[in-house]
Structures are given as C-alpha cells and as structure tokens.
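# Observations on the three-dimensional arrangement
Take a look at the letters that make up each chain.
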Amino acid sequence: AVRNQGIELSLSTVNIQTKDFTWSSDFNISFNRSKVMELTEGEEFLLSKVSFTADYNSSYLYIAQVGQPMAQFYGYEWAGVYGLDDFDCDSSGNYTLKKGVPTNGEERDKIQPGDIKYVDQNNDGVVNDKDRVVIGRGEPIHTGGFNNNFTYKGLTLNVFFQWNYGNDIMNANRIIFEGNALSKNINQYASYADRWSPENQTSRNFRTNGQGPSGVYSSRTIEDGSFLRLKNLSLGYTLPSKITKKFFVQKLRVYFSAQNLVTWSNYSGYDPEVSTKNTALTPGYDWSAYPRSRVYNFGINVVF
C-alpha cells in the first residue's frame with residue numbers, strides 16, 4: 001500500500017503587451033511524495049534488484065521501507081580508498097591492514113593500499129550486509145516547466161525549459177568503465193587515469209584491481225540527477241500579406257525548431273533524464289542508456 005501526496009502549481013501571465021510586441025509565460029511546478037504504508041505479511045522493508053552483469057544480478061540496490069518513499073537507493077557508503085596510514089608495513093615491504101581499521105568486505109590479509117573503502121556503519125570492524133544504508137533518493141523533490149512565447153509583428157519565438165530537482169541516479173556505467181569491474185580488456189573512462197598509486201596517493205579512485213568484493217553497489221557511483229533543459233526552441237516568421245498577395249499566396253510562414261538543445265546538469269553521464277530499469281521500485285538506473293537526441297526541424301507553411 002502506497003500513499004502519494006503532492007501539490008502542483010501553475011501560473012500563466014502576460015508580461016508585456018504592446019501594439020507590436022507580446023511576451024506571455026506559463027510556469028508550472030509539481031511536488032510529489034510517495035510513502036509506503038504497508039507491505040505484505042507485516043514486512044518492514046522490500047528489497048529490489050535489477051539485471052546488470054553476473055556479479056551484480058543478485059545484489060539488491062533499492063529498498064522500500066514502511067514510512068519511507070517507495071524507492072530509495074540502498075548500498076554501502078563510499079569512504080574513498082585506503083591510504084598507507086591504514087597499514088602496518090614490515091621490513092619486506094608487505095602491508096597489513098591495522099587491527100583498528102575496518103575491512104571493506106574482503107579478508108583483512110587481502111586488502112592493500114589504494115583499495116576501495118566503505119563506512120563501517122555499526123563499528124564492528126567488518127563491512128558486510130549489516131552496513132548497507134540508504135545512499136540516494138529515486139524521486140525528485142520537484143519537477144517543472146517554464147514556457148515563454150514572444151511575438152513581434154510577424155516574428156514568433158517559443159522557448160520552453162524543463163527541469164528535475166533532487167533525485168539521484170545510479171551511474172552503472174562508471175562501475176564498468178571506471179575501474180575494470182567486469183573485464184581488464186574493456187577500455188576505461190579518461191577519469192580513471194587519475195587512480196591511486198604510490199605516486200598518486202591523493203586520488204579517490206581506487207587502484208587497479210582494488211575495487212574490493214564484486215557485486216557491491218555503493219554511493220561512489222550515485223550522482224545528482226538534477227537538471228535544467230532547454231527542451232524546445234522554435235522561431236518563425238510570417239511574411240506580410242501585402243508581399244505574399246503579389247504571388248497569389250494568402251499566408252507564408254517559415255520556421256525553425258530545435259528539441260533537447262542544451263542541458264545543464266552536474267551528472268557525468270550522457271543524459272540525466274534516462275533510466276534503463278525505470279519502474280516504480282527501480283528508478284534512476286543508467287546502464288548504457290541512449291540519450292535523448294538533439295533534433296532540428298526547418299519548414300515552410302504556405303496557404304494559397
């Protein structure tokens with residue numbers, strides 16, 4: 001049982017209106033909050049997973065908890081990488097993780113400097129399933145649009161902006177292309193050139209082969225999915241009738257339009273609006289999703 005509550009506000013205005021020039025606007029903003037009221041047979045939470053790669057197919061990424069939003073990202077809280085200060089080093093140059101430093105899910109003797117590090121939520125010295133927490137929100141805080149129409153004599157201009165704010169995205173592409181999680185034979189993102197090494201100890205990217213246990217989702221690849229997009233832009237011009245009548249034409253209009261022209265976002269993927277596993281329980285999952293195309297149109301309308 002799920003309850004959805006929200007509010008939607010809209011405002012239409014005529015900002016300027018003169019003999020030759022008009023500017024009108026339409027603004028809308030929507031807020032929605034889902035809340036899980038009850039799960040089957042008295043359960044307190046429901047975990048969901050998505051089809052990805054063999055190592056991750058059995059890993060849960062989403063949680064729906066009673067009293068909480070319908071879908072939240074669930075996993076380990078990323079804490080950077082292990083540094084040299086986390087280890088004891090013997091005379092042979094062998095590193096051993098200090099006893100007071102939590103593991104990352106691997107056996108203590110296998111962890112090396114530069115390996116990925118997670119937060120030990122219950123402070124028991126071992127990172128395991130008990131340390132998984134909510135690491136992101138699947139629902140935006142608000143969405144909206146802002147439409148503007150301008151006219152000047154025979155010239156018309158329409159500009160429409162669209163946005164999402166406050167939702168997160170699991171950028172699963174980075175799991176594969178920013179750390180060799182699947183295969184050493186796959187080319188990597190340029191960002192992975194800046195990875196931890198003894199000569200580059202300030203990097204928060206783990207060392208080569210230092211991703212820790214396989215099939216682990218963490219906040220490392222959770223990103224802010226907020227965006228502002230110039231969704232539509234159209235420009236048209238209608239020739240004066242005194243000109244078109246000379247050619248036995250009642251009306252002649254030329255126009256140009258573009259869609260998905262510019263997107264402002266901090267998301268590192270191609271498109272913050274896409275999701276390859278988009279269900280109510282598994283939103284905001286980006287695994288090789290094709291971005292929205294930028295489209296241009298040009299046309300002429302003629303009325304005889």
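Residues numbered from 1 in each chain as written. Predicted model: local features only at pLDDT ≥ 70, side-chain atom pairs only at ≥ 80, totals over all residues. Heavy atoms only, no water.

### Section: the overall build of the protein chain
Of the regular secondary structure elements, the protein chain holds two helices and 18 strands. In terms of overall dimensions, the protein chain is more spread out than a globule: its C-alpha atoms have a radius of gyration of 27 Å, far above the 19 Å expected for 304 residues. Dimensions along the principal axes, computed over C-alpha positions, put the protein chain at roughly 95 × 50 × 35 Å. Out of the 304 residues in the protein chain, the part that is buried amounts to 37%. A gap of 14 Å separates the mean positions of the 30 positive and 31 negative side-chain charges of the protein chain. (Helix = DSSP H or I, 4+ residues; strand = E, 2+ residues; numbered from the N terminus. Rg over C-alpha atoms; globule rule 2.2 N^0.38 Å. Buried < 20%, exposed > 50% of the residue type's maximum accessible area, 1.4 Å probe, protein only. Lys, Arg positive; Asp, Glu negative; His and termini not counted. Charge placed at Lys NZ, Arg CZ, Asp CG, Glu CD.)

### Looking at the side chain of Q162
Within the secondary structure, Q162 sits in strand β12 (residues 155-165). Under the relative-accessibility criterion, Q162 is labelled buried at 15%.

### With respect to the pairing of strand β11 (residues 142-152)
Sheet analysis places strand β2 (residues 21-36) next to β11, joined by ten bridges and oriented antiparallel. Note on β11: the bridge partner recorded for D26 is N147. In textbook terms, the turn of a hairpin is the stretch between consecutive antiparallel strands, and for β11 and β12 this stretch comprises two residues, one of which, K153, has a positive phi near 55 degrees. (Pairing = 2+ DSSP bridges.)

### Regarding the sheet that holds strand β17 (residues 285-286)
Paired through their backbone hydrogen bonds, the strands of a sheet run either parallel or antiparallel. In spatial order, the strands read β14-β13-β17; together these three strands make up an open sheet with mixed pairing. Both edges of this open sheet fall to β14 (222-224) and β17, since each of them pairs with a single strand only. Sheet topology note: the strand β13 (residues 168-171)/β17 ladder contains two bridges and is parallel. Note that in β17 the partner of M170 across the bridge is Y285.

### Quick word on unusual backbone geometry
Residue E41 is not a glycine yet carries a positive backbone phi of 55 degrees. Along the polypeptide, E41 turns up in the loop between β2 and β3 (45-48). A relative accessible area of 79% means that E41 is categorised as exposed. You will see that N209, though not glycine, has its phi angle at about 65 degrees, which is positive.

### Side note on the pairing of strand β4 (residues 62-65)
Looking at chain direction, β3 and β4 are connected through four bridges and run antiparallel. Its bridge partner being in β4, F45 is matched across the sheet by Q65. Both β4 and strand β5 (residues 72-75) contribute to a ladder of two bridges, which runs antiparallel. Across the sheet, I63 pairs through a bridge with Q72, a residue of β5. Here β4 hands over to β5 after six residues, with G67 in that stretch at a positive phi of 90 degrees.

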